[in-house]
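Fold and geometry: a report
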Amino acid sequence: MRRSFAVALERYGYGVRVAADGLTGLELFRDESFDLLILDVLLPGLDGIGLCRRVRETSLVPVLMMSARGDGLDVVAGLEAGADDYVVKPVDTYVLVARIRSLLRRATYAPVPGPGSTAAEAPSSQGRALVFGDLTIDTEGMEVSVAGRPVALTPTELKLLLEFAARPGVVLERHTLLRDVWEYGWDGDSRVVDLCVQRLRRKLGRDRIETVRGFGYKLRR
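Since this is a predicted model, take the numbers as computed values, not measurements.

Moving on, we come to helix α2 (residues 22-31). Every buried residue belonging to α2 is among G22, G25, L26, L28 and F29, and all of these are buried. Taken down its axis, α2 places every buried residue within 160° of arc, on the same side. Of the residues in α2, the exposed ones pointing more than 90 degrees away from the buried face are E27, R30 and D31. Residues of α2 that are buried sit in contact with β1 (37-40) and α3 (48-56).

This is the structure:
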């Protein structure tokens, strides 16, 4: 499977490096530069979840987790470890490539003002920054701070936060966030939204993003 995916991705123009186990993968990651990682949960030695945690200690590189169980604990554990998205084996190459493209777009994301937005509707601003209490979002430098302390966000976490910041106080449904952040053109797994929100809360403060039961989430003004 590893070899077949590598060949398929190379046909799409990607440069691919492969590792047969987690420890080898960790060595490759430390020695070389990567735009995206695909980690199988069931890697021998150091498994994909453990490898993802090690990667997140030093890097915000997009991570796509691959699991053989779409409804198992593997998915939740992988997302909690810092993965941005997941696919379930067996997976068609076109689906895998679509997820890769989506993750790479997030990694180079720049927000565009929504149509009809006005200064009266915008949050308080300081130059190029959006300010919500002690939360500051630099929309040009793509930097976030809380009470003046820099906060490191993965590309997915940052794009999710920017979606909330574009509409503060507005409830955003999970399927809307799946479409706008994860670019799912079909029904996706809302757990990716819930777990990404949990990670944002740990980094920004638990009260910053409010749950509206039965609907979704909103950013407190």
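This brings us to the sheet that holds strand β3 (residues 85-88). Spatial strand order, β1-β2-β3: three strands in an open sheet with parallel pairing. Of all strands in the sheet, those with a lone pairing partner are β1 and β3, marking the two edges. On average, each strand axis in the sheet is inclined to that of its neighbour by 25°, with strand direction left out of account. Judged from the four bridges that link them, β1 and strand β2 (residues 63-67) form a sheet pairing that is parallel. Pairing of L37 across the sheet is with V63, part of β2.

Where burial is concerned, most of α3 is hidden: seven out of the nine residues are buried. Each element contacted by the buried residues of α3 is listed here: α2, β1, β2 and α4 (73-80). Where α3 begins, one side-chain oxygen reaches toward the backbone nitrogen of I49, 3.3 Å away; that side chain belongs to D47.

Glancing now at the sheet that holds strand β10 (residues 209-212). Spatially, β9-β11-β10 is the arrangement adopted by the three strands of the open sheet, whose pairing is antiparallel. Two strands lie at the open edges of the sheet, namely β9 (172-173) and β10, each paired on one side alone. Across two bridges, the pairing between β9 and strand β11 (residues 216-219) is antiparallel. Following the sheet pairing, L172 is matched in β11 by Y217. The strands touched by helix α6 (residues 155-166) within the sheet are β9, β10 and β11, with β11 carrying the most contacts at an inclination of about 70°.

This paragraph deals with the environment of M65. Within the secondary structure layout, M65 lies in strand β2. Overall, M65 belongs to the buried group, its relative accessible area being 3%. Excluding anything up to four places from it in sequence, M65 contacts L39, V41, G48, I49, C52, G78, A83, D85, Y86 and V87.

On to the pairing of β2, then. In summary, the side chains of a regular strand alternate between the two faces of the sheet. A large share of β2 lies buried, amounting to five of its five residues. Side chains V63, M65 and S67 of β2 all project onto a buried face; the interleaved residues L64 and M66 project onto the opposite face, where all are buried too. Handedness of the crossover is the feature at issue here: the chain leaves β1, passes through α3, returns alongside β2, and the resulting connection is right-handed. The sheet contact formed by β2 and β3 spans four bridges and is parallel. Its bridge partner being in β3, S67 is matched across the sheet by V88.

Time to look at the packing of helix α1 (residues 2-11) against helix α5 (residues 93-107). Helix-helix packing is characterised by the crossing angle of the two axes and by the distance between the axes. Look at α1 against α5: their axes get within 11 Å of each other, and the N-to-C directions meet at 65°. Along this stretch, α1 crosses α5, giving a crossing that reads as right-handed. Touching F5, A8 and L9 of α1 are T93, L96, V97 and I100, all from α5. In terms of residue class, the contact of α1 with α5 is built from six nonpolar, one polar and no charged.

The next point concerns the nonpolar core. Membership of the largest hydrophobic core comes to 49 residues, with the highest contact counts inside it found for L135, I137, V144, L160, F164 and W182. By residue number, the principal contributor to this core is helix α8 (residues 191-204), which donates seven residues. If near-sequence neighbours (up to four positions away) are discounted, W182 is found in contact with D84, D85, S102, R106, T156, L160, L177, V192, V193 and C196. With 12 residues, the next largest nonpolar core counts L36, V87, V97 and L103 among its residues.

Calculation criteria
- Residues numbered from 1 in each chain as written.
- Predicted model: local features only at pLDDT ≥ 70, side-chain atom pairs only at ≥ 80, totals over all residues.
- Heavy atoms only, no water.
- Buried < 20%, exposed > 50% of the residue type's maximum accessible area, 1.4 Å probe, protein only.
- Helix = DSSP H or I, 4+ residues; strand = E, 2+ residues; numbered from the N terminus.
- Arc of directions from axis to C-beta.
- Contact = heavy atoms within 4.5 Å.
- Pairing = 2+ DSSP bridges.
- Axes fitted to C-alpha atoms, helices over the stretch in contact; angles between N-to-C directions.
- Polar contact = N/O pair within 3.5 Å; in protein donor to acceptor, adjacent residues only side chain to side chain.
- Right-handed = clockwise from strand over helix to strand, strands pointing away.
- Left-handed = near helix turned anticlockwise from the far one by under 90°.
- Nonpolar A, V, L, I, M, F, W, Y, C, P; charged D, E, K, R; others polar.
- Core = buried A, V, L, I, M, F, W, Y, C linked by side-chain atoms within 4.5 Å.

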